[in-house]
Structure formats: C-alpha cells, structure tokens
Amino acid sequence: NQLVGNMIPPEFVTAIDKGFREAMLKGTLTGSPVMGMRVVLQDGLAHAVDSNELAFRAAAQGAFKQAMATAKPVLLEPLMSTEVAVPAEFQGTAVALVSQRKGTVNSMEGAEFVTIDADVPLESMFGFSSDLRGVTQGKGEYTMEYKAHVPAPRDKTELMVKKWKEQQAGKSEE
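Let me begin by describing the structure that accompanies this report. The residue numbers shown here count from 1 along each chain, following its written sequence. Local features in this predicted model are restricted to residues whose pLDDT is 70 or higher, and side-chain atom pairs enter the listing and the counts only when it is 80 or higher, whereas totals over whole chains, interfaces and linings include all residues. The side-chain quantities take in all heavy atoms of the structure and omit both hydrogens and water.

Now for a nonpolar patch on the surface. Two joining distances apply to patches: 9 Å for like charges and 5 Å for nonpolar side chains (Val, Leu, Ile, Met, Phe, Trp, Tyr), and every residue must have over 30% relative accessible area and no salt bridge. To be clear on the numbers: accessible area is Shrake-Rupley with a 1.4 Å probe, and residue cover counts the displayed protein chains and nothing else. Whenever Lys or Arg places a side-chain nitrogen within 4 Å of a carboxyl oxygen from Asp or Glu, that contact is recorded as a salt bridge. A cluster of nonpolar residues, M35, V74 and L76, forms a patch on the protein surface that exposes about 290 Å² of accessible area. Comment: elements are numbered from the N terminus, with helices defined as DSSP H or I runs of at least four residues and strands as E runs of at least two. Assignment of secondary structure puts M35 in the loop between α1 (10–25) and α2 (53–70). Owing to a relative accessible area of 56%, M35 belongs among the exposed residues under this scheme. Partly exposed describes any residue whose relative accessible area lies between the buried limit of under 20% and the exposed limit of over 50%, with all areas from a 1.4 Å probe on protein chains only and scaled to the type maximum.

Here you go:
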C-alpha cells in the first residue's frame, strides 16, 4: 500500500487486497494459482455514494485481469529430484528411460550397482516404477522428491491453455 492520504478509506484497501488475492487463486492461463506476483496500490478514488466493499473487490479483480493480459505469465510445472538405482548392466537402459521422460541426468556413481541422479518433470514420472522394473528384470529402484517449480515447455503450455479455454467455453454454454 503506497497510498498518500485517505483517497481510499482503509476498509476499502482491505477489500482491494481480498479482490487481488481471490483473483490470484484462479489465474488467467489455466485457472491455476498465480505465484510470484506483487501488487502495489498507489492511487485511487472513493465516491461517497457508489463506493462499497464489493465494488472495490470487483475493481481489483478487473485490474488483475488487465495486468495479466499485458504481462507474460508463465506456466510452471513441478520438477522432481530423482535417484535411480540399477545394476551396472542396466545403466544404459535406465539412463535412456530417464531421458525418454524428459529428464536431465546430473550424475552417475557406482560400479556394480549404479546410482543415477536426475531431474525429471513430475508429470513424466507416472508409470516410471513399472517401466523401470520391466527393463531391469525387477532389480531397479527409484526415489523422488520435490525440487522446484520450473517453466513448462511452450508446447505443453499451449496445450494446457487450449484445454482450459475449451473447458471454460463448455461451462458457459451450459
């Protein structure tokens, strides 16, 4: 809040904050929450007759939509730190399996039993356990844990935005 004076009464500043927070829960790209956004209130005006909490919340949500239209929002996906342990004879197959799932191999260690450290998008990890056991005759294991959110590839972003817009169009027809 960088307001100077009382151009907007304090109770409406709270309504503006609520409006932005509500709008950020459902972003404009895919309806996902918006992260890493900063909102600064610098100026505004309240009218003695027409101003109320609902009007200021709606104005904040409208400002959010305008800002998102001119910004360059990025869709993020979770990246998992993955550790794959396989017998040495299956090392090449395991690395290929990680690569097929858009993973990045960071390091490999071990002689008889190789441990592969990789970063893989979470979406690509579904079914990995079955595939790993299949190519390693049941001898391969893996663990994964959340590492960070990273920008999703453009093709995936475009597909998700298109799907979400189709869903929204279907809802408005009902």
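Between helix α3 (residues 91–100) and helix α4 (residues 128–135), the least distance of the axes is 10 Å, while the angle of their chain directions is 155°. Relative to α4, α3 is oriented roughly antiparallel. Taken as a pair, α3 and α4 cross one another with a handedness that is right-handed. Where α3 approaches α4, its residues T93, A94, L97 and V98 are matched on the opposing element by F128, D131, L132 and V135. Gly is placed with the polar residues, together with every amino acid not listed as nonpolar (Ala, Val, Leu, Ile, Met, Phe, Trp, Tyr, Cys and Pro) or charged (Asp, Glu, Lys and Arg). Of the residues in the contact of α3 with α4, the class split is six nonpolar, one polar and one charged. Between N-to-C directions, angles span 0 to 180 degrees; the directions come from axes that are lines fitted to C-alpha atoms, helices contributing only their stretch in contact. Here roughly perpendicular refers to angles of 65 to 115 degrees, roughly parallel to angles under 35, roughly antiparallel to angles over 145, and oblique to all remaining angles. By the definition used in this description, the sense in which the near helix is turned from the far one sets the handedness, with an anticlockwise turn below a right angle giving left-handed and a clockwise turn giving right-handed. Contact definition: two residues touch when any of their heavy atoms are within 4.5 Å.

Moving on to the pattern of salt bridges. Side-chain pairs of opposite charge can arise where the charged atoms are in close proximity. In this structure the tally under the stated criterion is seven salt bridges. For the salt bridge of D131 with R101, the shortest nitrogen-to-oxygen distance reads 2.2 Å. Here R101 lies in the loop between α3 and β2 (104–109) and D131 lies in helix α4, a separation of 30 residues in the sequence. For D131, a relative accessible area of 35% puts it in the partly exposed group.

Pairing between strands is defined by DSSP: at least two bridges between them are needed. As judged from the nine bridges shared by strand β1 (residues 76–87) and strand β3 (residues 113–121), these two strands associate in the antiparallel manner. In the strand pairing of β3, A85 is matched with T115. With five bridges connecting them, β2 and β3 associate as antiparallel partners. Looking at β3, one finds that T104 is bridged to D119. Connecting β2 to the next strand, β3, in antiparallel fashion are three residues, including G110 with a positive phi near 110°.

Every definition here rests on a 1 Å grid over the protein atoms only: cavities are sets of points where a 1.4 Å probe fits but cannot get out, pockets are open sets enclosed by protein on both sides within 12 Å along at least five of seven lines, and lining residues have some atom within 4 Å of a point. Grid points are joined across faces, edges and corners, and a volume is the space filled by probe spheres set on the points. One number sums up the size of the largest pocket: a volume of about 550 Å³. Lining of the largest pocket is provided by 25 residues; of these, S32, P33, V74, L75 and L76 occupy positions nearest its centre. Looking at the lining of the largest pocket, the elements that each hand over two or more residues are α2, β1 and α5 (154–173). Sort the elements by how many residues they give to the lining of the largest pocket and β1 lands first, with three residues. Classifying every residue of the lining of the largest pocket by side-chain character gives 17 nonpolar, five polar and three charged.

A word on α1. Helix length check: α1, at 16 residues, gives a terminal C-alpha distance of 23 Å against a target of 22 Å (1.5 Å per residue), a fit within 8%. Listed as buried for α1 are F12, V13, A15, I16, G19, F20, A23 and M24. In a helix, the anticipated span is given by 1.5 Å times the number of residues less one.

Here we come to the nonpolar core. Residues I8, I16, F20, V34, L41, F56 and F64 are the most contacted members of the largest nonpolar core, which totals 14 residues. It is α1 that contributes the most residues to this core, seven residues altogether. Side-chain atoms within 4.5 Å are what join buried Ala, Val, Leu, Ile, Met, Phe, Trp, Tyr and Cys residues into a set we call a nonpolar core. Counting 13 residues, the second largest nonpolar core, distinct from the first, contains V114, A118, F128 and L132.

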